[in-house]
Amino acid sequence: MDRVSSFDEPLKKLLGGATAKVMAEHLDLHTVGDLLHHYPRRYEERGKLTALADLPLDEHVTVVAQVADARILMFNNGRGKRLEVTLTDGSGRLQLVFFGHGVHKPHKELLPGRQAMFAGKVSVFNRKMQLAHPTYQLLDVSDADEATEAVDAFAGRLLPIYPACKQLDSWRIAKAVDAVLPSAQDAVDPLPAALREGRGFTPLPEALLKVHRPQTRTDIEDAKARLKWDEAFVLQVALARRRYADTQLPAVARRPVADGLLDAFDAKLPFTLTEGQEKVSKEIFDDLATEHPMHRLLQGEVGSGKTMVALRAMLTVVDAGGQAAMLAPTEVLAQQHHRSITEMMGELAEGGMLGGSDQGTKVVLLTGSMGTAARRQALLDLVTGEAGIVIGTHALIEDKVQFHDLGLVVVDEQHRFGVEQRDALRSKGKQPPHLLVMTATPIPRTVAMTVFGDLETSVLDQLPAGRSPIASHVVPAKDKPHFLARAWERVREEVENGHQAYVVCPRIGDDAEEAEGKKGKAAKKASAKAAEEDPEKRPPLAVLEIADELRKGALAGLSVEVLHGRMHPDEKDDVMRRFAAGDADVLVATTVIEVGVNIPNATAMVIMDADRFGVSQLHQLRGRVGRGSAPGLCLLVSEAHEASPARARLSAVAATLDGFELSRIDLEQRREGDVLGQAQSGVRSSLRMLTVIDDEEVIAAAREEAVATVAADPELEHLPELRTVLAALLDKDREEYLDKG
């Protein structure tokens, strides 16, 4: 059998159809190679008991424990019987329960003093943790064949505990691994020999043997170090090749022009740019001046002045005879950008119009909901080149939209955009346009090196002068209702001092229930009862309902407006204009205000059901206040229990304004192992050992080695093994994802 094919061998050939089917359907494992890369989650030492005190509720667990007590109980007037077994490990106790015909075998085998591995889902019954009908394997019995095998296999060894599923326990997976382990000898080693020897890595077949069947803890560390490097290096080579390929594409160099639009704009700025803005602008201008497309990620704290940097890049491209397009994820945001850019540019945004500047250009807006006449005019301005700058939503991507000479694409809030959409816009240039991706979600360095690894990164971490501090507090509405009452008083006080406030809710609210009449009322009653028993079960608070309650109650007498995604775009724009002009005191909204909304007079924000939002989303929302000279206030209202992870998350947000610190906390809580996994590309996960939060040094070092490797041999002609492994990782879907990313 040749070296590659044994790894490609379907599992059903070696394990039989039934086991292979469960592995494919529930664990996404199809070949020998897949199973060899399904690494143990942790290891148990035989005889060392698991901490039963730390078992997670509702999760499928594997424990090694000792039987303390086993008894049969009758119920239903003697017609039913159940076996209750108590396990112990010194840290806690756990109850097992077996019913009906299922009691006979465990009753014979699970005798006090016996030790075994147990697997099942943890639940609570009568306030006690229990596993109902767990599967188990004895570890200290020698009369049954299976138990003898288990003792022989695990005597004096570390027991691998695999990520398992209900249909297939960890030890059954371990047996399947035993069957395919000889194929580890055929593993194709992706690391170039010089790199492997230079860093003193364990050979790959040995690393696979050590990770699955370690003799010592040192074996595990050796194997992990090697396998993490493989993952990091192969991924970074893929990204380095993308970057290299981009440098080979042609693009029109767009160099700054003296006394042009940019100089005129800079001359009328009422403030000086921060050092950070100057530095990042220079990086962008240097990229724009080259004859291959810029691919740059601009990440900056909320309010660090990214739009200003992007606008100056767009003006440079217009000066050089090209056009710039800014792509925004929502109509509200596109309108907001259009409004703020035309305000910043003044008469420079009225090129060709009466009273406009001779140096100016036209800045047009293009969204799906525009009237036919306005849309026709905008399309005409783009194709003739009259409009140097266009700001729009995905409506910009439609086939009808033609540019005179598209030179730069700016994508705002990249994580909301499909890579295909970005690609479609890029294809509208005569040659590939330059690309600037902006995000206000701070990204830890490791994630930037992986998720955005084909983009060069610029960071704006200084806030412009004049931004005010924001105080954040958690408001425990359930435990301390008077805190919520005080929150509304604070909103009133801000309004009385001439300021404005936002109230954010997770849901719009629906009139459909009302329309259904009695049926709706019954549903409401049922959900109210469920909510009383468990606040997690009630639907999230809604904009329409909260606005109504506030108008009648806590904020009666104030002008309360609503804003949400189901409103007509003109209506949304009208509400935003009135709020910006100070005609409304309080805006009750969904997360449509999350990015780009800039109202310096808004100083307070109350986020209802704050625990239903993610960390970075809360940070984004909070960034809408404190944008003027008055300090900001953000109140995070939650009914979550004090000891819950949700409350811990809110406390973390309240404790720091540093978005990079929060993004780290967010990542730690989600424990993102695979950065190219389902969420990013919709295809199968590739990282199994590497975690972007813990392995920063590995990723950084692998990136350096990958860049050097690709620079020396872009086609990897002298590294056939690396090419083979890369082809396996970058199946068609993932290659396309990286291509478009």
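Residues numbered from 1 in each chain as written. Predicted model: local features only at pLDDT ≥ 70, side-chain atom pairs only at ≥ 80, totals over all residues. Heavy atoms only, no water.

**Side note on the overall build of the protein**
Turning to step 1, where the next piece is worked out: For the protein, the count of helices and strands is 29 helices and 21 strands.
Turning to step 2, where the next piece is worked out: Sequence separation of at least 24 residues holds for 74% of the intrachain contacts in the protein that already meet a minimum separation of 6.
Turning to step 3, where the next piece is worked out: When the accessible area of the protein is evaluated, it comes to approximately 33,200 Å², of which 51% is carbon and sulfur surface. (Helix = DSSP H or I, 4+ residues; strand = E, 2+ residues; numbered from the N terminus. Contact = heavy atoms within 4.5 Å. Areas by Shrake-Rupley, 256 points an atom, 1.4 Å probe, with all protein chains shown as cover.)

**A short note on the pattern of salt bridges**
Turning to step 1, where the next piece is worked out: One pass over the structure, following the stated rule, counts 33 salt bridges.
Turning to step 2, where the next piece is worked out: Ionic pairing is found between K552 and D548, a salt bridge with its closest N-O pair at 3.1 Å. One end of the pair, K552, and the other, D548, are both in helix 21 (residues 543-552), 4 residues apart, so they sit about a helical turn from each other.
Turning to step 3, where the next piece is worked out: Between D574 and R578 there is a salt bridge, and its shortest N-O distance comes to 3.4 Å. One end of the pair is D574 and the other is R578, both in helix 22 (residues 569-580) and 4 residues apart, which spans about a single turn.
Turning to step 4, where the next piece is worked out: Judged by relative accessible area, D574 falls into the partly exposed class, the value being 39%.
Turning to step 5, where the next piece is worked out: Among the charged side chains, a network of salt bridges with common partners joins R486, E489, R490, E493 and E494. (Salt bridge = Lys/Arg side-chain N within 4 Å of Asp/Glu carboxyl O. Buried < 20%, exposed > 50% of the residue type's maximum accessible area, 1.4 Å probe, protein only.)

**Topic: the sheet that holds strand 13 (residues 406-412)**
Turning to step 1, where the next piece is worked out: The parallel open sheet is built from 7 strands, whose spatial order is 11-12-10-13-14-9-15. The open sheet is flanked by strand 11 (362-366) and strand 15 (456-460), the only strands paired with a single partner. Adjacent strand axes in the sheet meet at a mean angle of 20° when their direction is disregarded.
Turning to step 2, where the next piece is worked out: Bridging between strand 9 (residues 295-300) and strand 14 (residues 434-439) involves 5 bridges; their strand directions are parallel. Along strand 14, the bridge assignment pairs L297 with V437.
Turning to step 3, where the next piece is worked out: Packed on one face of the sheet, helix 12 (residues 275-288) meets strand 9, strand 13, strand 14 and strand 15 and runs near 160° to strand 15. (Pairing = 2+ DSSP bridges. Axes fitted to C-alpha atoms, helices over the stretch in contact; angles between N-to-C directions.)

**Let's talk about the nonpolar core**
Turning to step 1, where the next piece is worked out: Among the nonpolar cores identified, the biggest contains 39 residues, and M314, M345, I389 and L408 are the most heavily contacted of them.
Turning to step 2, where the next piece is worked out: Take this core: its biggest share by element is 9 residues, from helix 13 (residues 306-319).
Turning to step 3, where the next piece is worked out: Beyond its immediate stretch of four places on either side in the chain, L408 contacts L288, M294, A313, M314, V317, Q323, A324, A325, P433, H434, L435 and L436.
Turning to step 4, where the next piece is worked out: Core analysis: the second largest hydrophobic core is formed by 33 residues, A207, A223, L227 and M689 among them. (Core = buried A, V, L, I, M, F, W, Y, C linked by side-chain atoms within 4.5 Å.)

**Topic: the side chain of T590**
Turning to step 1, where the next piece is worked out: Relative to the elements of secondary structure, T590 occurs in the loop between strand 19 (586-589) and strand 20 (602-607).
Turning to step 2, where the next piece is worked out: Judged by its relative accessible area of 9%, T590 falls in the buried class.
Turning to step 3, where the next piece is worked out: In this structure T590 touches V504, C505, R507, I508, V543, L563, H564 and G565, once residues within four positions along its chain are discounted.

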